4 protein chains.
Amino acid sequence: MIVVMEQNATEDQIQAVAAKVESFGLKSTIINGTERTVIAAIGEKRGSFKESIESFPGVSALTPISAPYKMASREVRTEPSTIQVGSFTAGGGHVGYVGGPCSVESEEQLISSARAVKAAGGTGLRGGAFKPRTSPYSFQGMKEEGLKLLAQAREETGLAVFTEVMATEDVDLVCRYADVLQVGARNMQNYRLLEAVGKSGKPVLLKRGASATMDEFLLAAEYILNEGNDQVMLCERGIRTFESHTRFTLPLASIPYLHRRTHLPVIIDPSHGTGHTYMVHDLAVAAVAAGADGLIIEMHPDPPNAQSDGYQSQTFEQFAETMTRCQKVQRALAE
Amino acid sequence: MIVVMEQNATEDQIQAVAAKVESFGLKSTIINGTERTVIAAIGEKRGSFKESIESFPGVSALTPISAPYKMASREVRTEPSTIQVGSFTAGGGHVGYVGGPCSVESEEQLISSARAVKAAGGTGLRGGAFKPRTSPYSFQGMKEEGLKLLAQAREETGLAVFTEVMATEDVDLVCRYADVLQVGARNMQNYRLLEAVGKSGKPVLLKRGASATMDEFLLAAEYILNEGNDQVMLCERGIRTFESHTRFTLPLASIPYLHRRTHLPVIIDPSHGTGHTYMVHDLAVAAVAAGADGLIIEMHPDPPNAQSDGYQSQTFEQFAETMTRCQKVQRALAE
Amino acid sequence: MIVVMEQNATEDQIQAVAAKVESFGLKSTIINGTERTVIAAIGEKRGSFKESIESFPGVSALTPISAPYKMASREVRTEPSTIQVGSFTAGGGHVGYVGGPCSVESEEQLISSARAVKAAGGTGLRGGAFKPRTSPYSFQGMKEEGLKLLAQAREETGLAVFTEVMATEDVDLVCRYADVLQVGARNMQNYRLLEAVGKSGKPVLLKRGASATMDEFLLAAEYILNEGNDQVMLCERGIRTFESHTRFTLPLASIPYLHRRTHLPVIIDPSHGTGHTYMVHDLAVAAVAAGADGLIIEMHPDPPNAQSDGYQSQTFEQFAETMTRCQKVQRALAE
Amino acid sequence: MIVVMEQNATEDQIQAVAAKVESFGLKSTIINGTERTVIAAIGEKRGSFKESIESFPGVSALTPISAPYKMASREVRTEPSTIQVGSFTAGGGHVGYVGGPCSVESEEQLISSARAVKAAGGTGLRGGAFKPRTSPYSFQGMKEEGLKLLAQAREETGLAVFTEVMATEDVDLVCRYADVLQVGARNMQNYRLLEAVGKSGKPVLLKRGASATMDEFLLAAEYILNEGNDQVMLCERGIRTFESHTRFTLPLASIPYLHRRTHLPVIIDPSHGTGHTYMVHDLAVAAVAAGADGLIIEMHPDPPNAQSDGYQSQTFEQFAETMTRCQKVQRALAE
């Protein structure tokens, strides 16, 4: 950690900070610049080190020189992780393709979707049984009945089932039916839920919060890893910016950034990441070109009559076309 | 709802949308513009109306003409709500002042803080017993022991106790000690938790998520109101923007905006809203000048040695000075 | 234009707005909803129509139902435009590849770069002779001497020369040497400059301002088109968001969005769009996969010793590798 | 400057960076941490130092330890600057109040506005004669005729005239009539214009660009100061964020921040900063409470019939009320 002092910091303030640094068992080196002084604090930081130093009189800013996450870090595990569930594989050169409806609505809707995903070459099935909804007046999902349909769809197609869990009290139930537990963007910092999915031992798809920084995102993953569960996939689904012609802004630079910082696979969600069906295809293909380890795409047999997210859902035909072109790009770049 | 069609929408598409609108029991009026057609959908919208229409071929955009929230709306209740707990009152011309440490750390720390808040003219005491922390490696709070200290501080000072509840399973416990349940920014869309604090019947301080729109914020309040609990205060604590010299950007325009849209009191948090002790005073006074119904401010007997948030905590002297000047402004504007 | 009235708007206010709408020669239709009234204003809007209506008492919001730009619009010209300058072509299925250093620094540096661009299959050469710099203390460019070197590089390689013009008084000078005038992000709303490059008749590469909305971007293009110059390329180079691990956030969804709204070609700048050399490759390939009509990439013979932008410049080898993979993707998707 | 190396940087890379640092005439100190190495570079940085080091292999990040601006800095001039033009004074405890219409439209409109500003206690008159407009089809201002009316209004009322200059070629003309040259947000990084207003010797009101960082804002001021013109006022007028219920987000934390970093006066524009008349009052009073050195507010005799910005303009009565309450707060805080 580099502690940058204010230009007018007094010698007493500088010494007080240095003493505090050493009280944490670290080594402090004082460097007097032409304009101000900085103090390098070398060693393993504990608990409240940063917050404590940050509040000292005369301190202007702190610059971390190592990442706050550990187990998620590429520095701890240099090889990329691969997550494999049934026929679905993501990471280490494998691209996992997940498709399916926003919400599970009926047997007919779900099974036909699963078949279409499978036929197009997908290996995972998404479908929400518990739906977090912005308004208390919106459709909240089919709950356990939806989970049963997901399990039935797996039976018929062999696809790995991805579904969201919204609350700690539902984790056991969802685990009975799902292959991969999805933590939604709104719950990315619901720490109790992160601990619970960590303890479950199931693979987790962790969605990035709409205004989470990368450090916050990786620290959320760290909560899961810290429970002994190393089966975590990171899902970039767009951030909130001033842009209003898309629902969120999908930053594909997250792919090279995360690949450099962490060994965990990176999955892209071009449906939430754009919010418009007509944009999903181009961003899906782009994500594969940028090196994504997987895609999760909303599709529906009849988008205009979907219970949720119809405006960003592909038809079966659109989904198949997207899959074809993603695979072309994947092959071209593998040559 | 106004449905704006694409410029090249076909007559068939227009008729299909109009028919769908009427299938929801609404009246549709087709207006042919020089460049494109719009369809007005008049009547009470149900469940998935918006999402359904949005996915129809030929539809360019939907413009809501009424707010998605109901009970929070000023249109339902025209007079401002007042929340009163012990000596604390916010709304309807009353400004409630809440001070206290980020985390409860010890009896000594908490009781001295409570006395300083009381002496400065505050009416509420804040203090975290359950702490949501970005990193799993940070101090997570004193839990029930902290709650007990909060109750003891109330006994001694008469201040109303505000404390955060992070999970549904803790609601009963926290209710035994607290006067006001605080829902943190990271949990603003944790819908199960919103329902649980709604059912508790206790007053709730709902913090705005760092990237929540106003509609999302008011719909989160709606979840609580919808459980029959109308004791909700809205807390603006800053949004995430490109600014990096403050931790968050504190938009005081939220005060006039919310006062126009909702009857619920608006509380400002200048500590999280700036992230730097030296800015807290100016923004606190400004918030009162802009018509805030209350303030919640972090203070600590010894900020450099605080377990959390020391860099944005005032000393007792700074807090007292801020209180004095806020009250001066309050009186000047009441004349 | 749809005028949405406040819920408590009076009949007099509604009539006043309707009268004002008709005073502009438009047809007004009043639609009484269950909660509020909306007024449709049909016909060609002139000058201050929107601003005038927006300020009337009782008006809540205005919803435009047609785009504010005309000549840039796909509704005016349905076929995509192609810009062709020498061997460089962008649009209508052609992808134009532009490479070169941020700043022209010397004959040796520029000529070697131009040869490397040409060898890798590029068709345009970038290089700044007039440099807009955030600090008055930074290198400001070689000015006319730099332009001469650019012209010499064109002579040797046949590449089309792209260079920035910063001020109206330089337009004539730059036109004597350049093939394409670049308007930088910081000048996107420098209207006098837009008019001047419009009058020049030269092809223009217009960069998006870091916080420009799409409407603002297309209206800036409209300033150029309005001078009778239809050779405009739109360059997405990233927007300013809360993300700090990239210099800007590069939203590739701009590609499908702009392709739907406008006939003008869309060029992506992955160098400024990420700000880190190691990310440029992945985003360049992704942009081609998403359907970009061109790329503009910073490269340099010796990035660590570049006068500007070395941290986001590719080496010749990296550039060649990026070109190879972009072309692989282009071919795979053309099959 | 602190140079943070990548964790896996080689000894050769570290030595190469240290050598480069010293080649700039600086002193380098290598600090070996437990996880990585940092290099402190001490001394006066020149030109491309930062960019050069940033591009070296093995460099992870650079942390500046001094501000990039010099003359604007509080470290160079510790006392706050006061700008005084006729009866208008801002800074050093004085609050300057500027009111007036967005655009000069007619003698009647402007003179009546000036009288209303004066009667309410204002000391400056704003009015645009050259209008930068997002659309080429909007009203572009009365140009020189407008300037003449502004000079006439000054004659009648004694108010200091503030008006925008959009292009270097207009600087001389505008100087003949105006007291204070305003540089608009869209031109904040039009460096030629900054140099030209710097050379003019007139006081300048520099508006912050909608996505400018504070360093960029202060470096733009530095361009003006660097021409020997120290009469610069900084105007915060709101930044672009995801908020859509206000036109921009007005961060009043800019006031304490700028007061700490720079000696230049800080003026707040609550009209553009909110974009809605009904919010202007609350934010104006809040700005004074937060310590602003001045306000610039749009007002108009008949907002619904204004040529521009009517939706954010106050009536004369509203303006007078705002002035009264701002002065009450100013007095209360001066006690």
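Keep in mind that this is a model prediction, so the values were computed, not measured.

Asks: Got a sec to walk through helix H3 (residues 107-120) of chain A? Specific residues and values, please.
Replies: Residue and element names in this part refer to chain A. If you check H3, its first and last C-alpha atoms are 20 Å apart, about what 14 residues at 1.5 Å a residue would give, namely 20 Å. Residues of H3 that are buried: Gln-109, Leu-110, Ile-111, Ser-112, Ser-113, Ala-114, Ala-116, Val-117 and Ala-120. Gly-121 sits one or two residues past H3 and shows a positive phi near 100°.

Asks: Which residues make up the relation of the copies chain A and chain B, and what values go with them?
Replies: The transformation that overlays chain A on chain B combines an axial shift of 0.0 Å with a rotation of 180°, and the residual RMSD is 0.0 Å. The superposition of one copy onto the other is thereby described by a two-fold rotation axis. Residue Ser211(A) of chain A places its C-alpha closer to the rotation axis than any other residue of that unit, at 2.9 Å. When the interface residues of chain A are mapped onto chain B, 100% of them again fall at the interface, so both copies present the same face.

Asks: Provide a residue-level description of the relation of the copies chain C and chain A, including the pertinent values.
Replies: For the match of chain C to chain A, the screw axis carries a shift of 0.0 Å, the RMSD comes to 0.1 Å, and the turn is 180°. With an isologous cut-off of 70% or more, the 100% of interface residues of chain C that recur at the interface of chain A puts this contact in the isologous class.

Asks: Pulling in residues and values, what's your account of the interface of chain C and chain A?
Replies: Contact with chain C, which involves 37 residues of that partner, is made by 37 residues of chain A. For chain C, the biggest contributors to the area lost against chain A are Phe242(C), Tyr278(C) and Leu333(C); these three give 20% of the whole. Across the chain C-chain A interface, the total number found is two salt bridges. Between Glu243(C) and Arg208(A) there is a salt bridge whose closest N-O contact spans 2.7 Å. There are six residue pairs in polar contact (both at pLDDT 80 or more) connecting chain C and chain A. At the level of secondary structure, the elements contributing two or more residues to the side of chain C that touches chain A comprise helix H8 (254-261), helix H10 (277-289) and helix H11 (316-334) of chain C.

Asks: Describe the sheet that holds strand E2 (residues 27-32) of chain C, naming the residues involved and giving the relevant values.
Replies: All names here are of chain C. One open sheet accounts for four strands, arranged E2-E3-E1-E4; its pairing is antiparallel. At either end of the open sheet lies a strand with only one pairing partner, and these are E2 and strand E4 (59-63). For this sheet the average axis-to-axis angle between neighbouring strands, irrespective of direction, equals 20°. One ladder, built from six bridges, connects E2 with strand E3 (residues 37-42); its direction is antiparallel. Residue pairing for E3: Lys-27 is matched across the bridge by Ile-42. Against the sheet, helix H1 (residues 11-23) engages strand E1 (2-5), E2, E3 and E4, with an angle of about 155° to E2.

Asks: With reference to specific residues and values, describe the UniProt feature "domain: DAHP synthetase I/KDSA" (unreviewed entry) in chain A.
Replies: Within the UniProt annotation, "domain: DAHP synthetase I/KDSA" (unreviewed entry) is assigned to residues 89-330 of chain A. In residues 89-330 of chain A, helix accounts for 38% and strand for 15%; the two terminal C-alpha atoms are 15 Å from one another.

Asks: Could you give an account of the interface of chain A and chain B, with specific residues and numbers?
Replies: Taken together, the contact between chain A and chain B spans 50 residues of the former and 50 residues of the latter. Across the interface of chain A and chain B, roughly 4,200 Å² is buried in total on both sides, 46% from carbon and sulfur atoms. For the chain A face of the interface with chain B, the top three residues by lost area are Glu51(A), Tyr137(A) and Arg192(A), together amounting to 16%. Linking chain A to chain B there are eight salt bridges. Among the ionic pairs, Asp170(A) bridges to Arg192(B), the shortest N-O distance being 2.7 Å. The interface formed by chain A and chain B holds 24 residue pairs in polar contact (both at pLDDT 80 or more) in total. Residue assignment for the side of chain A that touches chain B shows that the elements contributing at least two residues are helix H2 (49-54), helix H6 (191-200) and helix H7 (214-225) of chain A. For the side of chain A that touches chain B, the residue count by class is 18 nonpolar, 18 polar and 14 charged.

Asks: Which residues make up the domain arrangement of chain A, and what values do they have?
Replies: Bring the parts together and some accessible area is lost; that lost area is often taken as the interface size. Annotation of chain A at the domain level lists domain 1 (2-63) and domain 2 (83-334). On a C-alpha basis, the centroid separation for the pair domain 1 of chain A and domain 2 of chain A is 43 Å.

Asks: Give a detailed account of the pairing of strand E10 (residues 180-183) of chain B, specifying residues and quantitative values.
Replies: All names here are of chain B. By the alternation rule, side chains of E10 split into Val-180 and Gln-182 and Leu-181 and Val-183, which are all buried. Pairing of strand E9 (residues 160-164) with E10 involves three bridges; the strand directions are parallel. What sits directly across from Glu-164, in E10, is Gln-182. Read as a crossover between parallel neighbours, the route from E9 over helix H5 (residues 171-177) to E10 is right-handed.

Asks: I'd like to hear about the environment of Asn187(D), residue by residue, with values.
Replies: Mapped onto the secondary structure, Asn187(D) falls in the loop between strand E10 (180-183) and helix H6 (191-200). Taking C-alpha positions, Asn187(D) is 8.5 Å from Lys207(D), a pair spaced 20 residues apart along the chain. Excluding its chain neighbours within four sequence positions, the residues that come into contact with Asn187(D) are Asn190(C), Glu164(D), Met166(D) and Leu193(D).

Asks: Quick rundown of the pattern of salt bridges? Include the residues and the values.
Replies: Counted according to the given criterion, the structure contains 50 salt bridges over all chains. Bridged by salt links that share partners, the residues Glu169(A), Asp170(A) and Arg192(B) form one connected network.

Asks: Pulling in residues and values, what's your account of helix H1 (residues 11-23) of chain A?
Replies: Note: α-helices contain 3.6 residues per turn, so residues at a spacing of three or four share the same orientation. All names here are of chain A. Helix length check: H1 (13 residues) gives 18 Å between terminal C-alpha atoms against 18 Å at 1.5 Å per residue, within 8%. Listed as buried for H1 are Ile-14, Val-17, Ala-18, Lys-20 and Val-21. Relative to the axis of H1, the buried residues are bounded by an arc of 160° and lie together on one face. Away from its buried face by more than 90 degrees, H1 exposes Asp-12 and Ser-23.

Asks: Run through the pairing of strand E3 (residues 37-42) of chain A, naming residues and quoting values.
Replies: Residues and elements named next belong to chain A. Of all six residues making up E3, six are buried, and the element is well covered by its neighbours. Residues Thr-37, Ile-39 and Ala-41 line one face of E3 and the alternating positions Val-38, Ala-40 and Ile-42 line the opposite face, and both faces are buried. Bridge count for strand E1 (residues 2-5) against E3 is three bridges, and the pairing is antiparallel. Considered in E3, the bridge of Val-4 is made with Val-38. The antiparallel pairing of strand E2 (residues 27-32) with E3 creates a hairpin that spans four residues between the two strands.

Asks: Report on the side chain of Thr163(A), specifying residues and quantitative values.
Replies: Residue and element names in this part refer to chain A. Positionally, Thr-163 belongs in strand E9 (residues 160-164). Given the relative accessible area of 1%, Thr-163 is considered buried. Among the polar contacts listed, one links the side chain of Thr-163 to the backbone oxygen of Gly-127, at a separation of 2.6 Å.

Asks: Give me unusual backbone geometry: which residues, what numbers.
Replies: All names here are of chain B. Even without glycine at this site, Lys-143 takes up a positive phi of about 55°. Within the fold, Lys-143 resides in the loop between strand E8 (124-126) and helix H4 (144-157). Positive phi, normally seen in glycine, also occurs at Asp-309, with a value near 60°. Counting through the fold element by element, Asp-309 comes out in the loop between strand E14 (294-298) and helix H10 (316-334).

Asks: Describe the side chain of Thr89(C), listing the residues and the values that go with them.
Replies: Mapping Thr89(C) onto the fold places it in strand E6 (residues 88-90). Once residues within four sequence positions are removed from consideration, Thr89(C) is found in contact with Thr82(C), Ile83(C), Gln84(C), His94(C), Val95(C) and Gly96(C).

Asks: Can you tell me about the sheet that holds E10(B), naming the residues and giving the values?
Replies: All names here are of chain B. One closed barrel accounts for eight strands, arranged E7-E8-E9-E10-E11-E12-E13-E14; its pairing is parallel. Direction aside, the axes of adjacent strands within the sheet are offset by 25° on average. Pairing geometry for strand E13 (residues 266-268) and E14, over two bridges, is parallel. From the neighbouring strand, Ile-267 faces E14, where its bridge partner is Gly-294. Here helix H6 (residues 191-200) sits on the sheet and contacts E10 and strand E11 (204-207); the angle it forms with E10, its principal contact strand, is near 170°. Sitting on the sheet, H10 is in contact with strand E7 (96-100) and E14, with an inclination near 175° to E7.

About the cut-offs
Residues numbered from 1 in each chain as written. Chains lettered and ligands numbered in written order. Predicted model: local features only at pLDDT ≥ 70, side-chain atom pairs only at ≥ 80, totals over all residues. Heavy atoms only, no water. Helix = DSSP H or I, 4+ residues; strand = E, 2+ residues; numbered from the N terminus. Expected span 1.5 Å × (residues − 1). Buried < 20%, exposed > 50% of the residue type's maximum accessible area, 1.4 Å probe, protein only. Least-squares fit on C-alpha atoms with pLDDT ≥ 70 in both. Contact = heavy atoms within 4.5 Å. Buried area = accessible area lost by both parts, 1.4 Å probe. Salt bridge = Lys/Arg side-chain N within 4 Å of Asp/Glu carboxyl O. Polar contact = N/O pair within 3.5 Å; in protein donor to acceptor, adjacent residues only side chain to side chain. Pairing = 2+ DSSP bridges. Axes fitted to C-alpha atoms, helices over the stretch in contact; angles between N-to-C directions. UniProt positions renumbered as here; feature names shortened; annotations may be inferred. Nonpolar A, V, L, I, M, F, W, Y, C, P; charged D, E, K, R; others polar. Domains from an automatic or database assignment. Right-handed = clockwise from strand over helix to strand, strands pointing away. Arc of directions from axis to C-beta.

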